[in-house]
There are 2 protein chains.
Amino acid sequence: MALGKDYTSQDCSLARALEVVGERWTLLIVRDAFYGVRRFSDFRAHLDVPKAVLSDRLQKLVDAGVLDKEGHEYVMTPMGADLWPVVHTLGRWGERLHGSLPYRLFFHTSCGTRIEADGRCPACGELVAPRDIELRPGAGSERRDDPVSKRLREPHRMLEPLRP
Amino acid sequence: MALGKDYTSQDCSLARALEVVGERWTLLIVRDAFYGVRRFSDFRAHLDVPKAVLSDRLQKLVDAGVLDKEGHEYVMTPMGADLWPVVHTLGRWGERLHGSLPYRLFFHTSCGTRIEADGRCPACGELVAPRDIELRPGAGSERRDDPVSKRLREPHRMLEPLRP
């Protein structure tokens, strides 16, 4: 959704947001950053995205303040972390859309309860921040065999560096 | 984000969702449908999107079960209405991203309270469904002068047909 010049005529904060995260692959890169992926080679292994595209998208996310570049790693900023409800809600919607089994499940680390589609912990009633979420593999059959996918078959706290 | 053939290798419900709503313009069309836009000519007036693109995107949304075609109108389905938290959260994120004043404000019709960025009514504590939200113009300066934009300068209940 690099919306081109017509797009600037849209008086809408959604349009502004889509300028940053609406391009092809961008939200999948953001999702991976939530999962703890930080290195270029790991994004590439997990996403099968052409190098030039990945490089462009990562740079744009850095420019927009969604990711910080620290040495060789891309790290989620607080502004980026605020995208979690979008990534989570859209993913859960995708599950319902296809009636598919989830590939990943999200649990509140402090109480072990599975988080609702709206991002709340049903036990605590609170919106759970990504840092307080543990990612576990779901029942959806996963076909990928890259190092990141393999590492994500073990429980993993979101945003903690994933080092395959 | 028509993600192409590589994309099918992504074991991810987010990727499935993006197949439906990730293409250029699609989420802005969905936003307009929440605002009550139903007719091709009104989407076109408000979005300045080429006819062929709009036609393609609307058909894909119908095929995916996000919109229903009723005569000459495109009407949000319950599956489509479930996208509201995504549209709302991403829009509010876009406001924070640019520190811009909001173009639209969202109020809970039953109690008149402004809805939080996470989609809850702070007075009632509940996630508010789109049907229970009134849209009002915000302080963000709007430059557009098409019939839909003009009509949206008056309070309007979401999903109710907007007939400029």
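Sequence order as written defines residue numbering, which begins from 1 separately in each chain. To label them, take the chains in the order written and letter them from A, then take the ligands in the order written and number them from 1. Local features are withheld for residues below a pLDDT of 70 in this predicted model, meaning they are given only at 70 or higher, and side-chain atom pairs are given and counted only at 80 or more; totals for whole chains, interfaces and linings count all residues.

S.K.: Can you help me understand helix α6 (residues 84–98) of chain A in this one?
M.R.: Residue pairs three or four apart in sequence face the same way in an α-helix, which turns once every 3.6 residues. Compared with an ideal rise of 1.5 Å per residue, which puts 15 residues at 21 Å, α6(A) spans 22 Å between its outermost C-alpha atoms and is within 8% of the ideal. Most of α6(A) is tucked away: 12 of the 15 residues are buried. Working definition of burial: number of other C-beta atoms within 10 Å of the residue's own, with buried at 20 or more, exposed at 12 or fewer, and partly exposed in between, all C-beta atoms being placed from the backbone. Runs of E in the DSSP output that reach at least two residues are strands. Runs of H or I that reach at least four are helices, and both are numbered from the N terminus. Buried within α6(A) are the following residues: A:Trp84, A:Pro85, A:Val86, A:Val87, A:His88, A:Thr89, A:Leu90, A:Gly91, A:Arg92, A:Trp93, A:Gly94 and A:Glu95. We call two residues in contact whenever the C-beta atoms placed from their backbones are within 7 Å. The inward-facing, buried residues of α6(A) abut α2 (26–35), α5 (78–81) and β3 (104–108) of chain A together with α1 (13–21) and α6 (84–98) of chain B. Following α6(A) by one or two positions, A:Gly99 has its phi on the positive side, about 55°. Take the number of residues in a helix, subtract one, and multiply by 1.5 Å to get its expected span.

S.K.: Please explain helix α2 (residues 26–34) of chain B as it appears in this structure.
M.R.: Of all 9 residues in α2(B), 9 are buried, a share of seventy percent or more. By the burial criterion, the buried members of α2(B) are B:Thr26, B:Leu27, B:Leu28, B:Ile29, B:Val30, B:Arg31, B:Asp32, B:Ala33 and B:Phe34.

S.K.: Sorry, what's going on with the sheet that holds strand β4 (residues 133–137) of chain A here?
M.R.: Residues and elements named next belong to chain A. Strand pairing requires that DSSP identify at least two bridges connecting the strands. One open sheet accounts for 3 strands, arranged β3-β4-β5; its pairing is antiparallel. The sheet is open, and its two edges are formed by β3 and β5 (156–157), each paired on a single side. Across 2 bridges, the pairing between β4 and β5 is antiparallel. Its bridge partner lying in β5, Leu-135 is registered against His-156.

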